[in-house]
Amino acid sequence: MAQFTVTGEVDPFLHVSLTQGEKIYCESNSMVMMEDTLDLKGKMGGFGQALMRSFANGESLFQQHIEAVRGAGDCLLSPVLMGGMQILDVGTSSYCLSDGAFVAAETGVSLVSRMEQLSVQGALMSMFGQAGGFFYSEASGFGKLIVSGMGSLFTLDVEPNKDVIIDNAHVVAWDSRLQHKVSLGTSQGGGLMGRLVNSVTSGEGVVLRFSGKGKVVICSRNKDNFIAWMRSSTAGNG
């Protein structure tokens, strides 16, 4: 089996060691360095899934496939956004991934894009440009899966009768055995329009409510807020 190691405390690399014949796949443009015993190829992995992945996550239609063809070798990978990474074991548990969380996986792990059915509430959120959380990926099969999120990562344990509510932008991955529900803010009252107005005025936005038993990986930074801050800073200096 491929050996994965997250190396570095701040904005780390993913170090992958492969023996001859082993292969992995990873997000497009994530390869930083590889030894010359390895080959890298771009593959689509099914046009429909590639198109949905591109539409949902803004990713390339192609993924990188790295194979140890001429002997054992190492490579270094890095996600697009700065932040932590976590290695998950797919097998006994399968996982759902938020937009852009995928970094790499062994070939025994299958990654399929999913689309959440939009409720009336969800349609209204889309109208206000808050469509995140409706598209995600589901990883199943057997092998290692590596995910990333902006900032530091932390793993929450959800227990029965102790639901957890998490801002959508901070969710990285979750155990697929958990039930999840997309909603508008944490308020339980006031009706749909009241919650919509409260969400817009408070900046609370879209949240995911998890129930059942399983793990949720979260990140400390909101990439959309960071991008908005960068744009405003650039505009202010222009």
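Residues numbered from 1 in each chain as written. Predicted model: local features only at pLDDT ≥ 70, side-chain atom pairs only at ≥ 80, totals over all residues. Heavy atoms only, no water.

Glancing now at the overall build of the chain. Counting its regular elements, the chain contains 4 helices and 19 strands. A total of 238 residues make up the chain; the buried ones form 40% of that total. In the chain, once contacts between residues fewer than 6 apart in sequence are set aside, the share between residues at least 24 apart is 80%. Working note: accessible area of the chain is about 12,200 Å², and carbon and sulfur atoms make up 55% of it. (Helix = DSSP H or I, 4+ residues; strand = E, 2+ residues; numbered from the N terminus. Buried < 20%, exposed > 50% of the residue type's maximum accessible area, 1.4 Å probe, protein only. Contact = heavy atoms within 4.5 Å. Areas by Shrake-Rupley, 256 points an atom, 1.4 Å probe, with all protein chains shown as cover.)

Sheet strands associate in pairs through backbone hydrogen bonding, adopting either a parallel or an antiparallel arrangement. Strand order in the open sheet made by the 4 strands is β1-β2-β7-β4, with antiparallel pairing throughout. One side of each edge strand has no neighbouring strand; the edge strands of this open sheet are β1 (3–7) and β4 (31–34). Taken over all neighbouring pairs, the strand axes of this sheet differ in orientation by 20 degrees on average, direction set aside. Strand direction decides the pairing type here: β4 and strand β7 (residues 73–77), joined by 3 bridges, are antiparallel. Considered in β7, the bridge of Met 34 is made with Cys 75. (Pairing = 2+ DSSP bridges. Axes fitted to C-alpha atoms, helices over the stretch in contact; angles between N-to-C directions.)

On to a nonpolar patch on the surface, then. Where nonpolar side chains cluster on the molecular surface, the patch consists of Met 82, Phe 226, Ile 227, Trp 229 and Met 230 and spans about 470 Å² of accessible area. Counting through the fold element by element, Met 82 comes out in the loop between β7 and β8 (83–90). Residue classification places Met 82 among the partly exposed positions, given a relative accessible area of 43%. (Patch = residues over 30% accessible without salt bridge, like charges linked within 9 Å, V, L, I, M, F, W, Y side chains within 5 Å. Salt bridge = Lys/Arg side-chain N within 4 Å of Asp/Glu carboxyl O.)

Predicted confidence across the chain gives a mean pLDDT of 81, with 74% of residues reaching 70 or more. Confidence drops under pLDDT 50 across residues 46–51; counting only partners more than four residues distant or on other chains, this segment forms 6 contacts. Across residues 118–133 the pLDDT falls below 50, and counting only partners more than four positions away or on other chains, this stretch makes 32 contacts in the model. (pLDDT = per-residue confidence, 0-100.)

Right, let's get into the nonpolar core. In this structure, Leu 88, Leu 97, Phe 102, Leu 145, Val 147, Val 172 and Ala 173 are the most contacted members of the largest nonpolar core, which totals 17 residues. Core analysis: the second largest hydrophobic core is formed by 16 residues, Val 16, Ile 66, Ala 68 and Leu 77 among them. (Core = buried A, V, L, I, M, F, W, Y, C linked by side-chain atoms within 4.5 Å.)

When β1 meets strand β2 (residues 13–18), the two strands line up antiparallel, connected through 5 bridges. Among the inter-strand pairings, Val 6 is bridged to a residue of β2, identified as Leu 14. Counting the residues that bridge the hairpin from β1 to β2 gives 5 residues, and of these Gly 8 lies at a positive phi of roughly 105 degrees.

Let's shift gears to the packing of aromatic side chains. This model, assessed by the stated rule, comprises 4 aromatic pairs. Relative to Trp 174, the ring of Tyr 136 lies with its centre 5.7 Å away and its plane at 50 degrees, an arrangement referred to as tilted. Of this pair, Tyr 136 sits in strand β12 (residues 135–141) while Trp 174 is found in strand β16 (residues 171–175), placing the two residues 38 residues apart along the sequence. For the pair shown, Tyr 136 and Trp 174 are each scored as buried. An aromatic cluster is built from Tyr 136, Trp 174 and Phe 210, whose rings are joined through pairwise contacts. (Phe/Tyr/Trp six-rings, centres within 6.5 Å; stacked < 30°, edge-to-face > 60°.)

Attention now goes to the sheet that holds strand β15 (residues 164–167). Spatial strand order, β15-β18-β17: 3 strands in an open sheet with antiparallel pairing. At either margin of the open sheet sits one strand with a lone partner, and together these are β15 and β17 (179–184). Averaged over all neighbouring strand pairs, the angle between strand axes comes to 25 degrees, with direction disregarded. By the bridge criterion, 6 bridges tie β17 to strand β18 (residues 206–211) in an arrangement that is antiparallel. Its bridge partner being in β18, Ser 183 is matched across the sheet by Val 207.

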